[in-house]
Amino acid sequence: QVQVAESGGGLVQTGDSLTLSCEVSGRTLSRYGLGWLRQAPGKEREFLATITWAGGYTFYSASVKGRFTISRDVAKNTVYLQMNGLKPEDTAVYYCAAREVSQTEFDYWGQGTQVTVSS
């Protein structure tokens, strides 16, 4: 089982950058991939990016590729989401989640962190 906890959200202005952090704990993390997803008011949850704990292989949704960067620090048991060029439409609750690399669905979720981008 894996536990994840996000931090780093806040209020920023259009064009700003922000980095979210996700502390990860659990056993055999090498079996897992970690992802970032978000949900804006009135919208469905949206996948953003994922990274494998072992090897650090990444995958991005087309909507954020080139603007957001996912990374991990194995020594700190932390996954990051670096967000650049933020826009008001990036306003959402951002979630960190974990899944076994063989699975398609995320099984373990954090509580979410709010990111608000003002125009």
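Above this text is the structure in question.
Computed from a predicted structure; not experimentally measured. The numbers attached to residues start from 1 for each chain and follow its sequence in the written order. At least 70 in pLDDT is required for a residue's local features to be given in this predicted model, at least 80 for side-chain atom pairs to be given and counted, and no such filter applies to totals for whole chains, interfaces and linings, which use all residues. Water and hydrogen atoms were dropped before computing side-chain values, which therefore reflect all heavy atoms in the structure.

Visitor: Hey, could you run me through unusual backbone geometry in this one?
Guide: What is expected of a backbone is that most residues other than glycine have negative phi and most peptide bonds are trans. Positive phi outside glycine occurs at Thr-28, with the angle close to 50°. A run of H or I in DSSP becomes a helix once it reaches four residues, and a run of E becomes a strand once it reaches two; helices and strands are each numbered from the N terminus. By the element assignment, Thr-28 lies in the loop between β3 (18-26) and β4 (32-39). Partly exposed residues are those whose accessible area sits between 20% and 50% of the maximum for their type, while under 20% is buried and over 50% is exposed, using a 1.4 Å probe and protein chains only. Classification of Thr-28 by relative accessible area gives partly exposed; the value is 45%. The backbone phi angle of Asn-77 is positive, close to 50°, even though this residue is not glycine. Relative to the helices and strands, Asn-77 is located in the loop between β7 (68-73) and β8 (78-83).

Visitor: Is there a simple way to explain the packing of aromatic side chains in this structure?
Guide: Ring pairs (aromatic) are described by centroid distance and by the angle formed between their planes. In summary, the pairing rule links any two rings of Phe, Tyr or Trp, Trp by its six-membered ring, whose centres are within 6.5 Å, and it sorts them by plane angle into stacked for under 30 degrees, edge-to-face for over 60 and tilted for everything else. All chains considered together, the criterion is met by four aromatic pairs. Aromatic pair Phe-47 and Phe-59: ring centres 6.2 Å apart, planes at 25°, arrangement stacked. You can see Phe-47 sitting in strand β5 (residues 46-52) and its partner Phe-59 sitting in strand β6 (residues 58-60), a full twelve residues away along the chain. By the ring-pair criterion, three or more aromatic residues cluster together here, those being Tyr-95, Phe-106 and Trp-109. Seen from the ring of Tyr-95, Arg-45 lies directly overhead, with NZ or CZ sitting 4.6 Å from the centre. When the NZ atom of lysine or the CZ atom of arginine is within 6 Å of a ring's centre and also within 35 degrees of its normal, the charge is said to sit over that ring. The side chain of Arg-99 reaches across the aromatic face of Phe-106, ending 4.4 Å from its centre.

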